[in-house]
Amino acid sequence: MPPITMPSHTSSHAARAVLVGVGVWLAIGAAPAHAVEVVPGEVVVGEIPAGQTVGDGPRAVSSARRRARHRVVRVRDIDKAIRAIRQRDNVVYAVPNVKARAAGYIPNDPGRGKTPGGWRDVQWNFIGPFSVNAPEAWSNLAAVKRYGGRGVTVAVLDTGVAYRARKPFLKSPDLQTRQFVRGYDFVDRDPYPNDSNGHGTHVASTIAEQTNNGYGLTGLAYGARIMPVRVLDDQGEGDASDIADGVRFAARKGADVINLSLEFSSDVTARQIPELIDAIRYAHAKGAIIVGASGNEGHRAIAYPARAANVISVGATTERGCLSDFSNVGSGLDIVAPGGGADAAYADDPNCRPDQAAGRDIFQITLKGKSRRTFGLPGDYQGTSMAAPHVSATAALVLSSRVLGRNPSPSKVEKHLEATATDLGAPGHDSRYGAGLLNAGKATRPILPPPVATPSR
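Residues numbered from 1 in each chain as written. Predicted model: local features only at pLDDT ≥ 70, side-chain atom pairs only at ≥ 80, totals over all residues. Heavy atoms only, no water.

Now for the nonpolar core. Ile-207, Leu-220, Val-314, Val-391 and Leu-417 are the most contacted members of the largest nonpolar core, which has 60 residues in total. In this structure Ile-207 touches Val-154, Val-156, Gly-219, Leu-220, Ala-221, Tyr-222, Ile-226, Asn-259, Pro-389, Ser-392 and Ala-393, once residues within four positions along its chain are discounted. Leu-157, Ala-251, Val-268 and Tyr-304 belong to the second largest nonpolar core, which has 31 residues in total. (Core = buried A, V, L, I, M, F, W, Y, C linked by side-chain atoms within 4.5 Å. Buried < 20%, exposed > 50% of the residue type's maximum accessible area, 1.4 Å probe, protein only. Contact = heavy atoms within 4.5 Å.)

The element strand E12 (residues 311–317) is extensively covered by neighbouring structure, given that seven of its seven residues are classed as buried. Because side chains alternate across E12, one face comprises the buried residues Val-311, Ser-313, Gly-315 and Thr-317, and the other comprises Ile-312, Val-314 and Ala-316, equally buried. Here strand E11 (residues 289–293) runs beside E12; their pairing, made up of four bridges, is parallel. By the bridge assignment for E12, Ala-293 is matched with Val-314. Pairing between E12 and strand E13 (residues 335–338): four bridges, direction parallel. By the bridge assignment, Gly-315 is partnered in E13 with Val-336. (Helix = DSSP H or I, 4+ residues; strand = E, 2+ residues; numbered from the N terminus. Pairing = 2+ DSSP bridges.)

Attention now moves to the environment of Tyr-381. Of note, Tyr-381 is situated in the loop between strand E15 (374–376) and helix H7 (384–401). For the pair Tyr-381 and Ile-362, spaced 19 residues apart in the sequence, the C-alpha separation amounts to 5.7 Å. Separated by 3.4 Å, the side chain of Tyr-381 and the backbone nitrogen of His-199 make a polar contact. (Polar contact = N/O pair within 3.5 Å; in protein donor to acceptor, adjacent residues only side chain to side chain.)

Note: strands within a sheet are paired through backbone hydrogen bonds, in either parallel or antiparallel orientation. Spatially, seven strands are ordered E6-E7-E5-E9-E11-E12-E13 in an open sheet, and the strand pairing comes out parallel. Looking along the sheet, the strands with just one partner apiece sit at the ends: strand E6 (184–185) and E13. Set on the sheet, helix H5 (residues 240–252) makes contact with strand E5 (153–158), E6, strand E7 (225–230) and strand E9 (257–260); between it and E5 the angle comes to about 170°. (Axes fitted to C-alpha atoms, helices over the stretch in contact; angles between N-to-C directions.)

This brings us to helix H8 (residues 410–419). Of the residues making up H8, those classed as buried are Pro-410, Val-413, Glu-414, His-416 and Leu-417. On an axial view of H8, the arc spanned by its buried residues comes to 160°, and they lie on one face. Those residues of H8 that are exposed and angled more than 90 degrees off the buried face are Lys-415 and Ala-419. For H8, the secondary structure elements touched by its buried residues are helix H6 (274–285), E11, E12, E13, H7 and helix H9 (440–443). (Arc of directions from axis to C-beta.)

Moving on, we get to H7. Between its first and last C-alpha atoms H7 spans 26 Å; for 18 residues at 1.5 Å apiece the expected length is 26 Å, and the two agree. Taking burial as the measure, the 18 residues of H7 include 18 buried ones, the bulk of the element. A positive phi of about 65° marks Arg-402, the residue just after H7. (Expected span 1.5 Å × (residues − 1).)

Turning to the pattern of salt bridges, a few remarks are in order. One pass over the structure, following the stated rule, counts twelve salt bridges. In this structure, the salt-bridge partner of Arg-74 is Glu-42, at a minimum N-O distance of 3.2 Å. Placement of the pair is Arg-74 in strand E3 (residues 69–74) and Glu-42 in strand E2 (residues 38–47), with a sequence separation of 32 residues. Assessed through its relative accessible area of 16%, Glu-42 is described here as buried. The salt bridge involving Arg-71 is made with Glu-47; its shortest N-O contact spans 2.4 Å. In this pair, Arg-71 sits in strand E3 while Glu-47 sits in strand E2, placing the two residues 24 residues apart along the sequence. Judged by relative accessible area, Glu-47 falls into the buried class, the value being 18%. Residues participating in the shared-partner salt-bridge network are Asp-185, Asp-188, Arg-230 and Asp-234. (Salt bridge = Lys/Arg side-chain N within 4 Å of Asp/Glu carboxyl O.)

Nothing here speaks to function; it is all geometry.
Here you go:
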């Protein structure tokens, strides 16, 4: 009998937040893929009094900058004007007049109450000191008019998703029917992957819950499409064969990202699940980015399928920026993201306070109650299952933003997510935090070309 796998979430508490800024990016000369907006026909000139010269060398230039005053010059051709103005002996700099925008996009979703923007008091995982920096990511995508990961499909292999009403199933009030693509139910073997557990809907909502619609909470990649693929039953259990079928289905049907918020026991080996390992290889070869939960046993080994090659393995962190006490660790860990719960007992980590009350959970609109006939914000979702969809959503945002080009390989996206992560714990990559805490804001910033050297005066 194939080994049993279960969703990678545990259970416990509640949530809160803060705001982050958006960087301004400048492009002169050859523009990068996403040059910032500039005021048409305006150049900002920094100059010292006429008759004086800037001089040669770094010290002279630094002294001139301290004395310089700037003014805005109206021109017809910005590039031509900048080249001419820079030839003047008293000019310290000449640059386009760059536009800025408000520091982050703050949706109006009210969270638990009725106040617009109240989601910030609940979704500490999206906004705050140890969040994934969602407002900056949203602003970065809006700047290139690819709002919320538009054009990307994320397959959610789970207990199903509350994607449509079909008796006795209900549709989530904070998910739109049109944002779904056709999926499949590999448990009941039919084309209706409805959810009566809530786990899969929670995961899908972290990725793409409706945002700025005046209701509920927000989704990190709210413009992305979701492909619901049911591979776990109503109790949250499934087998390697069904999961392998689901992975192959998602890859064949064009999923750009595949989210696996599920785990086998950490003592299960690759030899015991060859059908799933082969399916993961197939999906990777098709260009899908595969994201898996590291597991919730608190073991020093990453659980499959996250442990497999070509899967981004994701551990969980608390709102204090400590590893969650249930999160598996090991050499195969790639990155961490918010998963909630209590801090791990690491005396050498100043972010960890296991003697204090457990941190808050991860909240999204999903099924609640024993009847599974109502939706709300149940307070018992914490785990690496909750961490993984943050990474899947951010991968979708990176693809949509095209900061890595139009068709980056899965490996290139993974390396980019790791390179832009916020380091936690010991400096550099380590077995507790991998490359560090996922930073969606930094991962979606335009990549500027290296500065071009200019001759000294």
